[in-house]
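# Summary of structural features
Residue strings, one per chain:
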Amino acid sequence: MALAVRMRVPCRALLCAGAQLRGAALGRPEWAAGGGDGARRFASLRVLVEPGAEGRVAVMKLKNPPVNSLSLDFLTEFLISLEKLENDKAFRGVVITSDCPNVFSAGLDLREMYGRNPGHYAEYWKAVQELWLRLYLSNLVLVAAINGSCPAGGCLMALTSDVRILSDSPKSVIGLNETLLGIVAPFWFKDTLVNTIGHRASERALQLGLLFPPAEALQVGLVDHVVPEDQVQSMALSVMAHWLAIPDHARQLTKAMMRKATADRLIKQREADIQNFVSFISRDSIQKSLQIYLEKLKQKKG
Ligand SMILES: CCCCCCCCCC/C=C\CC(=O)SCCNC(=O)CCNC(=O)[C@H](O)C(C)(C)COP(=O)(O)OP(=O)(O)OC[C@H]1O[C@@H](n2cnc3c(N)ncnc32)[C@H](O)[C@@H]1OP(=O)(O)O
């Protein structure tokens, strides 16, 4: 247990400060207790948390319509919800799923990375790092119930889970498609992918910006199960029961043993990683690529 405790990411101060700041921007973080489960069911504007099974599993539903893009406000609310669950001894596992139809998450919010100032880019990237570290090192069992499209940052989020269940639908594609946008997946995105599907498969997937349909995602090991859309959550809860049958302390220490070195690589160079991101994303050529990509997304509709 000691290792698991030591492993906790030393960013609480940042998260709290960020939460207060963003909370103030939102009016205040609202945690509406409701229903028969009292304080165990809570919600912010963009994240719903509901009891999953036997009071020890929570279901976190991402609710940032239309596509659950990972905006700064969303990240802040998600991190606060996750921390509440981590601190509540009753919870041992969390299923992460989407409340938006056909999309698990569209990944990082492109509007946070386009046309802003360096200070904003730095604040945003810190929050993205925090999301990854918190999820990747979580003591909870995390199961991603991926009920829709899951590109880039959405895929990263899913990759931090212990198990991934993908809905069998043509919309449910998953992968790190950064190169298609003319940007580069950071080393810790790459490491997370390599840890999941291996070096060669990652090299191909990253360079080509592949978005895998369900059968291929399963074959390459990007997801663990593919099930019909209406069975994603029930499958997630049933897989969760299996994982919760393992004593927490042994499972947590094993998870830490598997993931610590990867997380430490970022922890040791967080500030440099932020500076890299800010200078990369501020380049005219990168801003141009993002602009073109955003325009393409808009044109898709018309
Ligand atoms: C040298 C090394 C240094 C390292 C430096 C690091 C570099 C940066 C690394 C960044 C890392 C990660 C990148 C990301 O995560 S970028 C995001 C990538 N995401 C995508 O490519 C997905 C884009 N979206 C879609 O493909 C589709 O929207 C969808 C998810 C398949 C859903 O399709 P849909 O038909 O249901 O919805 P659609 O009409 O397309 O979209 C509805 C509105 O939402 C807007 N939107 C979509 N995605 C995003 C997004 N990611 N961010 C912000 N906004 C998004 C879309 O524009 C529509 O808006 P509107 O209604 O037209 O106004």
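Quantities reported herein were computed from a predicted structural model and do not represent experimental measurements.

### A word on the overall build of the chain
Summing up its helical and strand segments, the chain has 12 helices and 9 strands in all. Residues classed as buried in the chain amount to 43% of the 302 residues present. Counting only contacts in the chain whose residues sit at least 6 apart along the sequence, the fraction spanning at least 24 positions is 74%.

### A closer look at the environment of proline 228
Mapping proline 228 onto the fold places it in the loop between strand 9 (225–227) and helix 9 (232–244). For the pair formed by proline 228 and aspartate 168, sequence separation is 60 residues and the distance between their alpha carbons is 5.1 Å.

### Some words on the site of the ligand
Inspection of the region around the ligand gives 29 residues, with Ala106, Gly107, Leu108, Ala152 and Gly153 positioned closest. Of all the secondary-structure elements, those providing two or more residues to the shell around the ligand are helix 5 (152–159), helix 11 (270–282) and helix 12 (284–301). Partitioned by chemical class, the residues of the shell around the ligand number 16 nonpolar, 7 polar and 6 charged.

### Thoughts on unusual backbone geometry
In this model, proline 65 is joined to proline 66 through a cis peptide bond whose omega is 5 degrees. On the secondary structure map, proline 66 appears in the loop between strand 3 (57–62) and helix 3 (72–87). Within the chain, asparagine 68 stands out as a residue other than glycine whose phi angle is a positive 50 degrees. Along the chain, asparagine 68 falls in the loop between strand 3 and helix 3. One non-glycine residue, alanine 152, adopts positive backbone phi at about 45 degrees. In this structure, alanine 152 sits in helix 5. Its 25 C-beta neighbours within 10 Å are what place alanine 152 among the buried residues.

### What about the sheet that holds strand 1 (residues 42–43)?
Overall, mixed pairing links the 7 strands, which are arranged 1-2-3-4-5-7-9 in an open sheet. Bordering the open sheet on either side are strand 1 and strand 9, each of which pairs with just one other strand. Relative to strand 7 (residues 163–167), strand 5 (residues 141–146) is paired through 4 bridges, and the arrangement is parallel. Its bridge partner being in strand 7, alanine 144 is matched across the sheet by arginine 164. Its contacts with the sheet place helix 9 against strand 2 (47–53), strand 3, strand 4 (93–98), strand 5, strand 7 and strand 9, and it is angled at close to 165 degrees to strand 5.

### Comments concerning the confidence of the model for the chain
Looking at the chain, pLDDT values average 88 and 86% of them are 70 or higher. Low pLDDT (under 50) marks residues 1–39, which in the prediction has 46 contacts with non-local residues, meaning those over four places away or in another chain. Reported confidences for the modelled complex are a pTM of 0.90 and an ipTM of 0.97.

### Thoughts on helix 5
Helix 5 sits mainly inside the fold: 8 of its 8 residues count as buried. Inspection of helix 5 places Ala152, Gly153, Gly154, Cys155, Leu156, Met157, Ala158 and Leu159 among the buried residues, and these make up the whole buried set. Summarising the contacts, the buried residues of helix 5 are in contact with helix 4 (118–136), strand 5, strand 6 (150–151), strand 7, strand 8 (174–175) and helix 6 (187–197).

### Some thoughts on the nonpolar core
Core analysis: the biggest nonpolar cluster contains 79 residues, and Val143, Ile146, Ile165 and Ile174 have the highest contact counts within it. For this core, the element with the highest residue contribution is helix 4, accounting for 10 residues.

What counts, and at which threshold
Residues numbered from 1 in each chain as written. Predicted model: local features only at pLDDT ≥ 70, side-chain atom pairs only at ≥ 80, totals over all residues. Helix = DSSP H or I, 4+ residues; strand = E, 2+ residues; numbered from the N terminus. Buried ≥ 20, exposed ≤ 12 C-beta atoms within 10 Å, placed from the backbone. Contact = placed C-beta atoms within 7 Å. Near = placed C-beta within 6 Å. Nonpolar A, V, L, I, M, F, W, Y, C, P; charged D, E, K, R; others polar. Pairing = 2+ DSSP bridges. Axes fitted to C-alpha atoms, helices over the stretch in contact; angles between N-to-C directions. pLDDT = per-residue confidence, 0-100. Core = buried A, V, L, I, M, F, W, Y, C linked by C-beta atoms within 7 Å.

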